[in-house]
Amino acid sequence: RPSHFLHLFASSSYASGYYVYMWAQVLDNDVFAAFEETGDVFDPQTAQRCRECIYSKGNTVAPQELFRKFRGRDPDATFMLKNRGLIPK
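Keep in mind it's a predicted model, so treat the numbers as computed, not measured.

### As for the overall build of the protein
Working step 1: Counting secondary structure elements, the protein contains four helices and zero strands.
Working step 2: In the protein, the order of α-helices and β-strands from amino to carboxyl end is α-α-α-α.
Working step 3: Relative to its full complement of 89 residues, the protein shows a buried share of 21%.
Working step 4: In the protein, the share of contacts with a sequence separation of at least 24, taken over all contacts with a separation of at least 6, comes to 46%.
Working step 5: A total accessible area of about 6600 Å² is found for the protein, and carbon and sulfur atoms account for 59% of it.

### Considering the confidence of the model for the protein
Working step 1: Summing up the model confidence of the protein, the mean pLDDT is 90 and the portion of residues at 70 or higher is 89%.
Working step 2: Confidence, expressed as mean pLDDT per element, reaches its minimum in the protein at helix α1 (residues 12–37) with 90 and its maximum at helix α2 (residues 44–53) with 98.

### A short note on the environment of isoleucine 54
Working step 1: Along the chain, isoleucine 54 falls in the loop between α2 and α3 (63–71).
Working step 2: Along the sequence, isoleucine 54 and glutamine 64 sit 10 residues apart, while their C-alpha atoms lie 9.9 Å from each other.

### What about the side chain of arginine 71?
Working step 1: Structurally, arginine 71 can be placed in helix α3.
Working step 2: Classification of arginine 71 by relative accessible area gives buried; the value is 15%.

### Side note on the state of the cysteines
Working step 1: Tallied over the entire structure, the rule returns zero disulfides.
Working step 2: Among the cysteines around cysteine 50, which has no disulfide bond, cysteine 53 carries the closest sulfur, lying 7.7 Å off.
Working step 3: With a relative accessible area of 3%, cysteine 50 lands in the buried category.
Working step 4: Look at cysteine 53 and you get buried, because its relative accessible area is 7%.

### Quick look at a nonpolar patch on the surface
Working step 1: Taken together, the side chains of Tyr19, Val20 and Trp23 make up a nonpolar region of the molecular surface, amounting to roughly 350 Å² of accessible area.
Working step 2: Relative to the assigned elements, tryptophan 23 resides in helix α1.

### Here we look at the pattern of salt bridges
Working step 1: Applying the stated criterion across every chain yields a total of four salt bridges.
Working step 2: The partner of aspartate 30 in a salt bridge is arginine 73, with the nearest N and O atoms 2.7 Å apart. One end of the pair, aspartate 30, is in helix α1; the other, arginine 73, is in the loop between α3 and α4 (78–83), with 43 residues separating them in the sequence.
Working step 3: On the basis of relative accessible area, aspartate 30 is assigned to the buried category, the value being 0%.
Working step 4: The closest approach of N and O atoms between aspartate 74 and arginine 68, which form a salt bridge, is 2.4 Å.
Working step 5: Its relative accessible area of 42% is what places aspartate 74 among the partly exposed residues.
Working step 6: For arginine 68, a relative accessible area of 38% translates into the label partly exposed.

Procedures and definitions
- Residues numbered from 1 in each chain as written.
- Predicted model: local features only at pLDDT ≥ 70, side-chain atom pairs only at ≥ 80, totals over all residues.
- Heavy atoms only, no water.
- Helix = DSSP H or I, 4+ residues; strand = E, 2+ residues; numbered from the N terminus.
- Buried < 20%, exposed > 50% of the residue type's maximum accessible area, 1.4 Å probe, protein only.
- Contact = heavy atoms within 4.5 Å.
- Areas by Shrake-Rupley, 256 points an atom, 1.4 Å probe, with all protein chains shown as cover.
- pLDDT = per-residue confidence, 0-100.
- Disulfide = S-S within 2.5 Å.
- Patch = residues over 30% accessible without salt bridge, like charges linked within 9 Å, V, L, I, M, F, W, Y side chains within 5 Å.
- Salt bridge = Lys/Arg side-chain N within 4 Å of Asp/Glu carboxyl O.

As structure tokens, then:
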């Protein structure tokens, strides 16, 4: 049997850490997609909106609320799956 992911189940702390890492990738890829959707990954208006909706708030608002304010919806894992080549672009 393959042991590639056996370490995930060896302890609950590693599995939870890996989940957090993967969730961060979902958020990262979804936010980057907002820039790609403008046709300019350096779009200043999108950068300003990201700064105002997410980064300037620090830890004063729940992260899911900040994301929804920026993207207008919940996170979508599709962007991460496409980036990893797990579904076609």
